[in-house]
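Chain by chain, the residues run as shown.
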Amino acid sequence: MNTTNTAYFENRLKAREDEAIFNRNQMPFRYVFILTNACNLRCSFCFQEKKPMKGSLNLDDWKYISSQLPFGSHITLTGGEPLLFRGFQELVTSLRKDISFNIITNGLLLNKQISDFLVNQEGLRVLSCSIDDVGNSSRDFSKEMWQNLVSNLSYFRDKKNHINPDIVLDIKTVVHGGNIEGMSEMSHFTSTELNSDTHMFMFLKGSPMQHSDVMFDYDFAFTENKGIENYNIPEVLNQIKKLRKSISNNLVGNTKFFLHPKYIDLYSDQSLDIIEELLDKPYHNPDNYLSCRSPWESVHINNSGDVFPCLSFSIGNTRDKSIKDIINSENMRKFKSDLEKCGTLPGCKQCGYLRPKDTKFSI
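Treat the numbers as computed from the prediction; the structure is a model and nothing was measured. (Residues numbered from 1 in each chain as written. Predicted model: local features only at pLDDT ≥ 70, side-chain atom pairs only at ≥ 80, totals over all residues. Heavy atoms only, no water.)

### A few points about the side chain of Asp132
And then number 1: Relative to the elements of secondary structure, Asp132 occurs in the loop between strand E4 (124–130) and helix H5 (143–163).
And then number 2: Among the polar contacts listed, one links the side chain of Asp132 to the backbone nitrogen of Val174, at a separation of 2.8 Å. (Helix = DSSP H or I, 4+ residues; strand = E, 2+ residues; numbered from the N terminus. Polar contact = N/O pair within 3.5 Å; in protein donor to acceptor, adjacent residues only side chain to side chain.)

### Quick notes on the sheet that holds strand E1 (residues 30–34)
And then number 1: With mixed pairing, the ten strands of this open sheet are ordered in space as E7-E6-E5-E4-E3-E2-E1-E8-E9-E10. Unpaired on one side and paired on the other, strand E7 (256–260) and strand E10 (316–317) mark the two borders of the sheet.
And then number 2: Strand contacts of helix H2 (residues 59–67): E1, strand E2 (74–78) and strand E8 (298–301), with the helix running at about 175 degrees to E1, the strand carrying the most contacts. (Pairing = 2+ DSSP bridges. Contact = heavy atoms within 4.5 Å. Axes fitted to C-alpha atoms, helices over the stretch in contact; angles between N-to-C directions.)

### Here's the deal with the pattern of salt bridges
And then number 1: Applying the stated criterion across every chain yields a total of ten salt bridges.
And then number 2: Linking Asp158 and Arg157 is a salt bridge whose minimum nitrogen-to-oxygen distance equals 3.0 Å.
And then number 3: By relative accessible area, Asp158 is classed as partly exposed at 44%.
And then number 4: Look at Arg157 and you get buried, because its relative accessible area is 10%.
And then number 5: Here Lys160 and Asp197 are joined by a salt bridge, their closest N and O atoms 2.6 Å apart. Residue Lys160 is located in helix H5, and its partner Asp197 is located in the loop between helix H6 (183–194) and strand E6 (198–203); the two are separated by 37 residues in the primary sequence.
And then number 6: Exposure remark for Asp197: the relative accessible area of 9% places this residue in the buried category. (Salt bridge = Lys/Arg side-chain N within 4 Å of Asp/Glu carboxyl O. Buried < 20%, exposed > 50% of the residue type's maximum accessible area, 1.4 Å probe, protein only.)

### Details of helix H7 (residues 233–248)
And then number 1: Compared with the 22 Å implied by 1.5 Å per residue over 16 residues, the 22 Å span of H7 between its first and last C-alpha is a close match.
And then number 2: Of all the residues in H7, the buried ones are Ile233, Glu235, Val236, Leu237, Gln239, Ile240, Leu243, Arg244 and Ile247.
And then number 3: Of the surrounding secondary structure, the elements contacted by the buried residues of H7 are H6, E6, E7 and helix H8 (273–278).
And then number 4: Within two residues after H7, Asn250 carries a phi angle of roughly 60 degrees, on the positive side. (Expected span 1.5 Å × (residues − 1).)

Given below as structure tokens:
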């Protein structure tokens, strides 16, 4: 596999560490733009509000925010469904040449016109599409919707391979009780049928405060939360063993696979015991994890203008202050200080960016 296919993920990790260690008072590298709450799907496990909100940021608002970002920043365009945002293409073309970006989409609106547009954008690094099982029944897809999605992704893959092969086609699978047994089948589909560059299996978060469009009081970050899913751990381990076997037997083509959180490296011989020890435990134990550095590397901007680090509490609003002033606000300084003292907080339970202490891994 071409190493450029995973360079984005490696650069994210490097930026996270560099910002935390060397540039504690500088601006983050990554900015997540939650362009809209609107979505054309109604997935039962989704934590986002799914209807448009009054007073949401418009195209000019987002263009102004992007103009404030430091040189070399990276933007994640997400939602809701970001392709539903009016002015999506205009926003993309307005980005400065030094800014790179990625997109997280459900793929149904990724028609030929949008694909032709995107593959010609020099700043595009990754296009991620959410698919949870073959047929996407977890997301209530009809047969026609599934055929449309596969057609859209196949067209995008062929176009980008011809015009800009360094763009990463990434598949994200949310692992939950209804699709665990299909993990190996899903990996076979993405590697042999879609020929995606990367595929990430994502375990459900353990707190509603993580990466949400609903703002919480900061105190909720210190509230113990039992999480959202009760996993069939033996079946999770069985599916991971199958995936590892496919990888070792060179049955997955050029697709690179990840777990999120990355409890283990799928390309190593690390014991799976750590998954049994850490996944789906009643409460979060910070002693099991390295200190988090997410807020030094990344912040989110909601479509209401609220800025939050990773746990969803507002540290300021873009309608009232500049991005720089918000990043350097007392609210953000307190959060960073608490993380430096505690490493991680109860609200960090099962966050995808947790790093177990006894494993080495990239994002």
